[in-house]
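Examination of the molecular architecture
Residues per chain are reported as follows:
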Amino acid sequence: MVNRVELRNISKSFGGISALKNVTFKVMPGEIHALVGENGAGKSTLMKILSGAYTKDNGQIFIDDTEVNIKNTHDSKKLGIGIIYQEFSLVPELSVAENVFLNQLGRTGFWMKQGKLQKEAEILINSIGFSINPSSKAGDLSIAQQQIVEISKALSEHVRILILDEPSAVLGPQEIQKLFDTLDRLKKEGVAIIYISHHLSEIFQIADRVTVLKDGTSSESLHVSETDRDSIIRLMLGRSLEAMYPVRNSIIGEEVLRVVDIYQADKVRGVSFGLKAGEIVGIAGLVGSGRTETARAVFAADKREKGKIYLSGKELQIRSPREAVSKGIGMVPEDRKQHGVILSLSIKINISLTDFRGVSYHFGFIKAKKESNNAIELIRKLAIKTENENQEVGYLSGGNQQKVSLAKWLNRNCKVLIIDEPTRGVDVGAKVEIYNLINELSDKGVAIIVISSETAELMGTCDRILVMRKGQIQGELAKNEFSEEDILRMSIGAN
Amino acid sequence: MDTKIRLRRYLQFVIKYNTVFIFLVMLVVSAIVSDVFFTTNNLFNLVRQVTPVGIISMGMLLVILTGGIDLSVGSIVAMVGVLCALFTQSMPLPLVIITSLVCGLMVGSVSGYLVSIHKLAPFIATLAIMSIVRGLGFIISKGAPVLVNENASALTDFGSGNSLGIPNPALILFLVFVITAVLLKYNIFGRIIIAIGSNEEAVRLSGIKVSAYKFSVYAIAGGLSAVAGIITTARTAVGSPVMGVGMELDVIAAVVIGGARLSGGKGTAINTLLGVMILGMIGNIMNLINIPAYSQQVIKGLIIIFAVLLQRFQANSN
């Protein structure tokens, strides 16, 4: 059989820094080929070359053994290449149906046939196992639903090569399973699928072969059935990963936070829990179970309707994040680019946003030296890879951006820190560093809430896990009761 | 090949400092086409002409940095100008100035309140305020210009006089500029304004009271419009309800020529000042070489497009 796609000796550099060096990569029709590597290893760059978003400096691309010249995204579309990017490309003001058929809106003639469009979109979305109202606005959907629309959009055209860049990052376990079913079907239809992911477990579940990118060079392609997790991690990191999760030496103190029966706009319906100093409590649950909304209600980012929150035994009357912060509560939000950091500003400025009084004199004049030193110290402590503290956060890799999002709260000495998806879209190396950091904070007595879609992450880092479902706490597991199965059962309501 | 690369570097340099570049080109062109341009008299005239727009542009810059816009500034100039002239008939001068300033601050505060607390779109909120305040200006003045009382000659003397050899209004513009520049570069206030325009939600979730900052930039813009109104009245000895019609557009144009981004988060005081000067020079030089007013507007528009296109190249080359 001939290769559907063959990339031969591809090189690409950006202003002197080489992102890809002689990368060779082949995918057969009817194959799911995983592409893994740390952030910044060049995965996205390689795929953008295939999709025409970037042009290669050197090398050749073959589709079905014929050399092709992909100059722009239009060329790649004509070749039957579909791509689902890590960053969504939906138009928030348009309906789901219009988004799905965005690049074919003209095909039904000059006037749009809304009814037909919606019908077709619905059929398409149902065919991959989901149901989303095709007339709702894309901007009103949850991130997971947006991802599903994004997938439908790619499938709305006849694709022969499908590229998925971290598709599962925002999906819950059930949704991921449906995505896998869809990919399996496409594979049987002979589509060549390139699957980029940080989650090694997914790769073993779904991929046929795997290729590792490290520092812009490609490894041999390995058959998944003939390799194991450790070998892949070794190829990714260049070293063996002893343990992903740090050893917990929990010294749990007095209760710091108590949340009693809080409600928020139908998303949170009577949630109560307590949190002790030095304790790490995980909140598990499917996307849409109300995890994030619970966190936002505690942080007063959204207004809660009912319920009480006590901090160290005293009732808290907070109505805004500002008041929450002043009482010693911090939150690292789920969506780092929209809410966590300001991409166009420097690391230094991002860090001092949470504590600008600490770096200024009276009347707000900035203590430049102190601010810089403060930032430099945190950059060193968190091993943020950057030239200096004045680097714009937008230029950093995902993992380093996440570290900045965390660093913001380290200069506040929070009593309670809520971390929503601590390692989404973060490579293995940075993950370990983030886990260590969380662990270190709890050792200092900070009470921490970790929300995550990755069950393994919660089990590895937490002392206790609360499982949420439909806005309520479905169950609670102590450390010795942790099991992936129980958490999943509780989150889908099957107990 | 070598020359090509060098040419490219020059071009990138020009694009990066496009505001400075346009400013210098304007200076050279002005000096060539008119031999009176570089006379003290003309330069003073130029500075006096741009002062009101210049002072307000610093307030507008703050508003635009947060991602907002303020259309009411021209109306505030007129209303405060009229009020200031009226007040001179019954109040001592210091009180006249303070009361006039407070009026401007109050109008700006209403816009700020609507935008920050009620989350009205800044364009709509200030469009409404623009209409209301323009109307109030006419009501207060009964539609006719109000003369400054003779007792307040100190005001008119100040408006038309010089200190240290420089027109007084220009000194005030310079002062406002310096304060704005310092605030933006060395103060938390400016820092947070820029951060809000870059990503408002991230700022809010960092525990900062975004509404207070948004409120204050509109209040400041209102206050600075009042300063411009007082200066205009002082210079002409008349408060007229038709002052500052369309001025908001000149102010916004100056800020944009200065490279500020209308969606917020990007812009500097020095470039805004250059933008003001560029806009002023266009008018000044065309007057000197007797280009009719109608053509002036066309040319002004073309230069704005040119300036913004240059900034586009800058964004793309990044």
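The residue numbers shown here count from 1 along each chain, following its written sequence. Chain A is the first chain written and ligand 1 is the first ligand written, with later ones labelled in order. A pLDDT threshold of at least 70 governs which residues receive local features in this predicted model, and a stricter bar of 80 or more applies before side-chain atom pairs are shown or counted, although totals over entire chains, interfaces and linings include all residues. Side-chain metrics rest on all non-hydrogen atoms present in the structure, leaving aside hydrogens and water.

Here we look at the overall build of chain A
This is how the line gets drawn: Here a strand is any run of E in DSSP of at least two residues, a helix any run of H or I of at least four, and the numbering for each starts at the N terminus. Just to be clear, the radius of gyration here is over C-alpha atoms, and the globule rule we use is 2.2 Å times residues to the power 0.38. Buried residues are those whose accessible area, probed at 1.4 Å on protein chains only, stays under 20% of the maximum for their type, while exposed residues exceed 50% and partly exposed ones sit between those limits. It only takes one pair of heavy atoms within 4.5 Å for two residues to be counted as in contact. Surface accessibility follows the Shrake-Rupley procedure with a 1.4 Å probe radius. Residue values consider only the protein chains on display as shielding.
The secondary structure content of chain A amounts to 17 helices and 20 strands. Computed over C-alpha atoms, the radius of gyration of chain A comes to 24 Å, within 12% of the 23 Å expected from 2.2 N^0.38 for 495 residues, which places it in the range of a compact globule. In terms of overall dimensions, chain A has C-alpha extents of about 70 × 50 × 50 Å along its principal axes. Within chain A, buried positions represent 55% of all 495 residues. Put simply, 67% of the contacts in chain A that link residues at least 6 apart link residues at least 24 apart. Summing over all exposed atoms, chain A offers an accessible surface of approximately 21,300 Å²; the carbon and sulfur share of this is 48%.

Observations concerning the domain arrangement of chain A
Residue and element names in this part refer to chain A. Here is the rule we go by: Segmentation into domains, and thus their bounds, comes from an automatic or database assignment. Accessible area that two parts lose when put together, with a 1.4 Å probe and added across both, is what the buried area reports. A side-chain nitrogen of Lys or Arg and a carboxyl oxygen of Asp or Glu constitute a salt bridge if their distance falls within 4 Å. Pairing of N or O atoms within 3.5 Å defines a polar contact, subject to two protein rules: one partner must be a possible hydrogen donor and the other a possible acceptor, and residues neighboring in sequence count only if both atoms are side-chain atoms. Ten residues, namely Ala, Val, Leu, Ile, Met, Phe, Trp, Tyr, Cys and Pro, are considered nonpolar, four, namely Asp, Glu, Lys and Arg, are considered charged, and the remaining ones, Gly among them, are considered polar.
Domains assigned within chain A are domain 1 (5–237), domain 2 (243–328 + 413–495) and domain 3 (340–411). Summarising the inter-unit geometry, the C-alpha centres of domain 2 and domain 3 are found 25 Å apart. Listed per partner, the contact involves 17 residues of domain 2 and 11 residues of domain 3. Where domain 2 abuts domain 3, roughly 1,100 Å² becomes buried across the two surfaces, and 68% of that area is made up of carbon and sulfur atoms. Taken together, the links from domain 2 to domain 3 amount to two salt bridges. Here Glu440 and Lys381 are joined by a salt bridge, their closest N and O atoms 2.8 Å apart. In this structure, the connection of domain 2 to domain 3 is made through three residue pairs in polar contact (both at pLDDT 80 or more). Contributions of two or more residues to the side of domain 2 that touches domain 3 are made by strand 17 (416–420) and helix 15 (428–443). Top contributing element to the side of domain 2 that touches domain 3 by residue count: helix 15, with six residues. Considering only residue class, the side of domain 2 that touches domain 3 consists of 11 nonpolar, two polar and four charged.

Describing unusual backbone geometry
With a phi close to 55 degrees, Glu421 of chain A is a non-glycine residue in the positive phi region. Along the chain, the position of Glu421 of chain A falls in the loop between strand 17 and helix 15. The buried category is assigned to Glu421 of chain A, whose relative accessible area is 5%. For Lys119 of chain B, which is not a glycine, the phi torsion comes out positive at approximately 55 degrees. With respect to the helices and strands, Lys119 of chain B occurs in the loop between helix 5 (93–116) and helix 6 (122–141).

A few points about helix 12 (residues 247–257) of chain B
All names here are of chain B. Most of helix 12 is tucked away: nine of the 11 residues are buried. Along helix 12, the residues that are buried comprise Met247, Glu248, Val251, Ile252, Ala253, Ala254, Val255, Val256 and Ile257. Looking at the residues trailing helix 12, positive phi occurs at Gly259, about 90 degrees.

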